[in-house]
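Tertiary structure, described
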Amino acid sequence: MQPVRTEEAAVEAVAAIKPFQIRGRLFTAVALRLSAGPDQDFYDALDAELRRMPHFFDSAPFVLDLAQCQDLADRDAFVALIEGLRRRNLAVFGVQNGTSAQTALAVQLGLLSLSGGRDAPLDRVERKERPAPKQAAPLRPTAPATLIVSEPVRSGQKVYADRGDLVVVASVSSGAELVAAGNIHVYGQLRGRALAGANGNESARIFCQSLDAELLAVAGLYLTSEEMDPALRRARAQAYLANDKLCLEALL
Amino acid sequence: MSKVIVITSGKGGVGKTTTSAAIGAALAQRGYKTVVIDFDVGLRNLDMIMGCERRVVFDFINVIQGDAKLKQALIKDKRLENLYVLPTSQTRDKDALTQEGVGQVLDELREEFDYIICDSPAGIERGAHLAMYYADEAIVVTNPEVSSVRDSDRVLGLLNSKTLRAESDGREPLKAHLLLTRYDPARVAKGEMLNVDDVLEILAIPLLGIIPESPTVLRASNVGMPVVLDDKSVAGKAYEAAVARLDGEQIAVRIDTEQKAGFLQRLLRKSA
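Residues numbered from 1 in each chain as written. Chains lettered and ligands numbered in written order. Predicted model: local features only at pLDDT ≥ 70, side-chain atom pairs only at ≥ 80, totals over all residues. Heavy atoms only, no water.

Here we take up the overall build of chain A. Along chain A, the regular secondary structure elements total seven helices and 15 strands. The buried share among the 252 residues of chain A stands at 37%. The contacts of chain A with a sequence gap of at least 6 include a subset with a gap of at least 24, amounting to 39%. For chain A, the computed accessible surface area is about 14800 Å², with 53% contributed by carbon and sulfur atoms. (Helix = DSSP H or I, 4+ residues; strand = E, 2+ residues; numbered from the N terminus. Buried < 20%, exposed > 50% of the residue type's maximum accessible area, 1.4 Å probe, protein only. Contact = heavy atoms within 4.5 Å. Areas by Shrake-Rupley, 256 points an atom, 1.4 Å probe, with all protein chains shown as cover.)

Now for the pairing of strand β10 (residues 193–196) of chain A. All names here are of chain A. Burial along β10 is one-sided: A194 and A196 are buried, while R193 and L195, pointing the other way, are not. Where strand β8 (residues 177–180) lies against β10, three bridges are found, and the strand directions are parallel. Within β10, the residue paired with L178 across the bridge is A194. Looking at chain direction, β10 and strand β12 (residues 215–218) are connected through four bridges and run parallel. (Pairing = 2+ DSSP bridges.)

So, on to the nonpolar core. Residues and elements named next belong to chain B. Counting 50 residues, the largest nonpolar core has L86 and L109 as the members making the most contacts within it. Counting residues per element, this core draws most heavily on helix α7 (residues 146–159), which supplies five residues. Counting 38 residues, the second-largest nonpolar core is a separate cluster that includes L27, I139, I211 and V227. (Core = buried A, V, L, I, M, F, W, Y, C linked by side-chain atoms within 4.5 Å.)

Attention now moves to the pattern of salt bridges. Throughout the structure, instances matching the rule amount to 23 salt bridges over all chains. A salt bridge links A:E214 to B:R150; the nearest nitrogen and oxygen atoms lie 3.4 Å apart. With A:E214 in the loop between β11 (206–211) and β12 and B:R150 in helix α7, this residue pair bridges two chains. Using a relative accessible area of 25% as the deciding quantity, one classes A:E214 as partly exposed. Overall, the relative accessible area of 36% leaves B:R150 in the partly exposed class. For B:K11, the salt bridge is made with B:E145, and the minimal N-O distance between the two is 3.7 Å. Linking B:K11 in the loop between β1 (3–8) and α1 (16–29) with B:E145 in the loop between β6 (137–142) and α7, this pair joins segments that are 134 residues apart in sequence. (Salt bridge = Lys/Arg side-chain N within 4 Å of Asp/Glu carboxyl O.)

What follows concerns the layout of surface pockets. Residue and element names in this part refer to chain B. As a volume, the second largest pocket reaches approximately 590 Å³. G15, T18, I49, V217 and S221 are, among the 32 residues lining the second largest pocket, the residues nearest its centre. Taken together, the elements giving at least two residues each to the lining of the second largest pocket come down to α1, α2 (46–49), β7 (175–183), β8 (207–212) and α11 (215–222). Ranked by the residues each element gives to the lining of the second largest pocket, the list is headed by α11, at four residues. When the residues that make up the lining of the second largest pocket are grouped by side-chain class, the tally is 13 nonpolar, 12 polar and seven charged. (1 Å grid on protein atoms, 1.4 Å probe; cavity = no way out; pocket = protein on both sides within 12 Å on 5 of 7 lines; lining within 4 Å. Points joined across faces, edges and corners; volume = space filled by probe spheres on them. Nonpolar A, V, L, I, M, F, W, Y, C, P; charged D, E, K, R; others polar.)

Here we come to the interface of chain A and chain B. Each side of the interface is counted separately: chain A has 11 residues, and chain B has 11 residues. Together, A:R154, A:S155 and A:R191 form the three largest contributors to the area buried by chain A at its contact with chain B, with a combined 56%. Where chain A meets chain B, there are four salt bridges. Residues A:R154 and B:D153 are paired through a salt bridge, measuring 3.1 Å at the closest nitrogen-oxygen approach. Linking chain A with chain B are nine residue pairs in polar contact (both at pLDDT 80 or more). Looking at side-chain class alone, the side of chain A that touches chain B contains no nonpolar, seven polar and four charged residues. (Buried area = accessible area lost by both parts, 1.4 Å probe. Polar contact = N/O pair within 3.5 Å; in protein donor to acceptor, adjacent residues only side chain to side chain.)

Time to look at unusual backbone geometry. Residues and elements named next belong to chain A. Located in the positive-phi region is N243, a residue other than glycine, with phi close to 50°. Following the sequence through the fold, N243 ends up in the loop between β14 (237–242) and β15 (245–250). N243 gets classed as partly exposed once you look at its relative accessible area, which sits at 46%. Of note, D244 is a non-glycine position whose phi angle comes to about 65°, a positive value. Among the secondary structure elements, D244 is positioned in the loop between β14 and β15.

Once that is clear, we can look at the pairing of β15(A). All names here are of chain A. Taken together, the six bridges between β14 and β15 define a ladder with antiparallel strand orientation. When the bridges of β15 are listed, Q238 appears paired with E249. Hairpin connection of β14 to β15: two residues between the antiparallel strands, including N243 at a positive phi of 50°.

All names here are of chain B. Here α1 is 14 residues long and its end C-alpha atoms lie 20 Å apart, about the 20 Å a rise of 1.5 Å per residue gives. The buried fraction of α1 is high, at 13 of 14 residues. The positive-phi residue at the C-terminal boundary of α1 is G31, with phi of around 100°. (Expected span 1.5 Å × (residues − 1).)

A few words now on the packing of aromatic side chains. What describes a pair of aromatic rings is the distance from one ring centre to the other and the angle between the planes of the rings. Residues and elements named next belong to chain B. Applying the stated criterion across every chain, the model contains five aromatic pairs over all chains. Between F39 and F60, the aromatic rings sit 5.1 Å apart at their centres with planes inclined by 75°, giving edge-to-face as the arrangement. Pair noted here: F39 is in the loop between β2 (34–38) and α2 and F60 is in helix α3 (residues 60–64), with a separation of 21 residues, a long-range link. Like F60, F39 is buried. Look at Y84 and F113: their rings are 5.4 Å apart centre to centre, the planes differ by 75°, and that puts the pair in the edge-to-face class. Separated by 29 residues along the polypeptide, Y84 in strand β4 (residues 83–86) and F113 in the loop between α5 (99–110) and β5 (115–119) bring together distant segments of the chain. (Phe/Tyr/Trp six-rings, centres within 6.5 Å; stacked < 30°, edge-to-face > 60°.)

Moving on to the packing of α7(B) against helix α10 (residues 196–203) of chain B. Residues and elements named next belong to chain B. Between α7 and α10, whose axes approach to 10 Å, the crossing angle comes to 30°. When the interaxial angle is binned, α7 and α10 end up roughly parallel. Taken as a pair, α7 and α10 cross one another with a handedness that is right-handed. Across from V149, S152, D153 and L156 in α7, the residues of α10 making contact are V199, I202 and L203. In the contact of α7 with α10, the residues fall into five nonpolar, one polar and one charged. (Axes fitted to C-alpha atoms, helices over the stretch in contact; angles between N-to-C directions. Parallel < 35°, antiparallel > 145°, perpendicular 65-115°, else oblique. Left-handed = near helix turned anticlockwise from the far one by under 90°.)

Below is the structure:
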C-alpha cells in the first residue's frame with residue numbers, strides 16, 4: 001500500500017501548484033438523424049433498436065442531427081422529444097445541422113450547438129452489431145461477454161474483447177496485443193501489450209501472474225516497460241487508475 | 001499416410017534450407033520416400049545445397065502452370081534411393097505460385113511420397129504463406145537469439161490461423177516442432193545467446209532437436225551434400241536424432257559440439 005500513498009502525495013503536490021490541468025480529449029458520441037418529426041412510429045422503431053442493443057446505447061452521449069427534420073420548430077415538441085430520449089437513458093447533449101431557429105431553441109433549452117464531426121467507420125459499427133443478436137437473447141439481457149483465450153497469444157496477434165473482460169490462460173508474447181473493454185487477466189507470462197478499459201472504462205484493471213509487458217494501458221493512460229518499476233518485473237502485479245494516474249503494484 | 005511438413009522460421013539465414021535438405025535426406029535414409037520442395041521462388045538455393053543444380057530442367061512453377069509434368073520436374077537424388085527434389089524457378093517470383101496450383105501439386109505428390117518437405121522462404125508473405133498453407137506439421141527453425149525467436153513466434157501465430165488445418169473445422173490442428181539451430185553452448189554460457197529454456201518458455205512448443213553450430217554444415221552446403229551424409233559431423237548426427245524423434249522414437253535431446261571433438265582430437269594428437 002505504501003507506494004500508492006506516495007503517489008497520492010505526489011499528485012497533491014502537483015495539485016497545490018496548479019489547481020487544474022487542461023487537456024484535449026476526444027469523445028465518441030452517437031448521432032441520431034431524424035428523418036421526420038418524432039411520431040409514435042419513431043419511438044416504436046427507437047425502442048426496437050434499443051432492445052436489440054441494450055448496452056450499446058445505455059447512457060451514450062447523443063447528438064440530434066436535424067438535417068432532415070427542419071419542420072420541428074415548436075418549443076413544446078422539442079422539449080417532448082428531448083424528454084422522450086432522456087427517459088430512454090439516452091444522454092442528449094447537443095444538436096447539429098438544424099435551422100437557425102432550431103439551433104436557438106436548442107441553446108435556450110441547454111443543449112450545445114455542434115458542427116462538424118465525422119461518421120465512425122462502418123466496419124466498427126458492423127463489428128458491434130454482428131454479435132448483438134446473440135447478446136440480446138431475451139432471457140440473458142446482461143450475458144457476460146468475457147473472452148477466454150487458452151492458446152498462447154503470439155507476436156503480431158491481437159485479441160480484442162470488445163464487450164467485457166479478457167482472460168488469457170497462456171503466455172502473451174512480445175509484439176502481441178490484448179485489448180479489452182473491461183479488465184484483462186493474464187495467467188501466463190505477459191510480455192506484449194495490454195490495454196484495458198479500451199472504451200474509456202476507468203475502473204478497468206490489468207492483472208498478471210508475471211509482468212514483463214511492453215506497455216500497459218487503462219482507459220488510454222499508459223505506462224511503457226521503461227516506466228515500470230524494475231522490482232515488479234516478472235512479479236504478480238496489477239495496474240489500475242487512481243487520481244488520473246496509472247498505478248502499478250505487486251499482488252500479495 | 002503421407003505427411004506434408006513445412007520448414008519455416010520467419011527470419012532469414014537461420015538454416016531453413018540446410019534443415020530441409022538434412023531432414024529430407026535423413027527421412028530417406030530411414031526408408032521413407034521423401035520429396036523436398038523449394039518454395040523460395042526466384043532465389044533457388046535448395047537444389048544447390050542438395051547438389052543437383054546442374055540437373056534442373058523443369059521446375060515447380062512449370063508444373064503449377066501446366067508446362068511440365070510432375071515426373072519431369074522431380075529430380076532423383078544420386079546418393080539416396082528414396083530422395084527427390086522439386087526445384088523452383090530462378091527467373092520467376094512468388095506471384096507465380098497459386099493456392100490451387102500448390103494444392104494440386106501437393107495432392108499429386110501425396111499419392112506417391114511418404115513425406116513432403118516444403119522449404120519455406122523467409123518472411124511471412126505469399127511464398128511463406130503458401131509453403132505452410134497445406135502443411136500437416138511444421139518444423140520451426142530458430143536460432144537462439146531474440147529476433148529469430150520473435151519471428152518464430154509470429155510464424156507460430158500464422159501457423160495456428162492462416163493454414164488449411166486452422167481454417168477447416170474439426171480437423172486436428174497443425175503440429176509444430178521447434179528445431180534450435182546454430183546453437184553454440186560457449187556463447188550461451190557467456191550470455192551472448194539465449195539458452196534452450198528461455199526459447200522454449202517463449203515459444204511453448206515441443207523441442208524436436210538442437211543442432212550445434214558447426215563448420216561441417218557450411219562445408220556440406222558448399223559441396224552440395226545434405227549434412228546428415230557426413231558421418232563425422234555432430235550437426236549431421238543431431239539432425240538424424242531430430243528426425244528419429246519426428247518418426248516417433250523417444251531420444252533425449254543432448255548437445256554435442258564440434259569444439260569437444262576438437263579438444264579430444266588435440267589430446268589424442270598430443271598423446272600420439
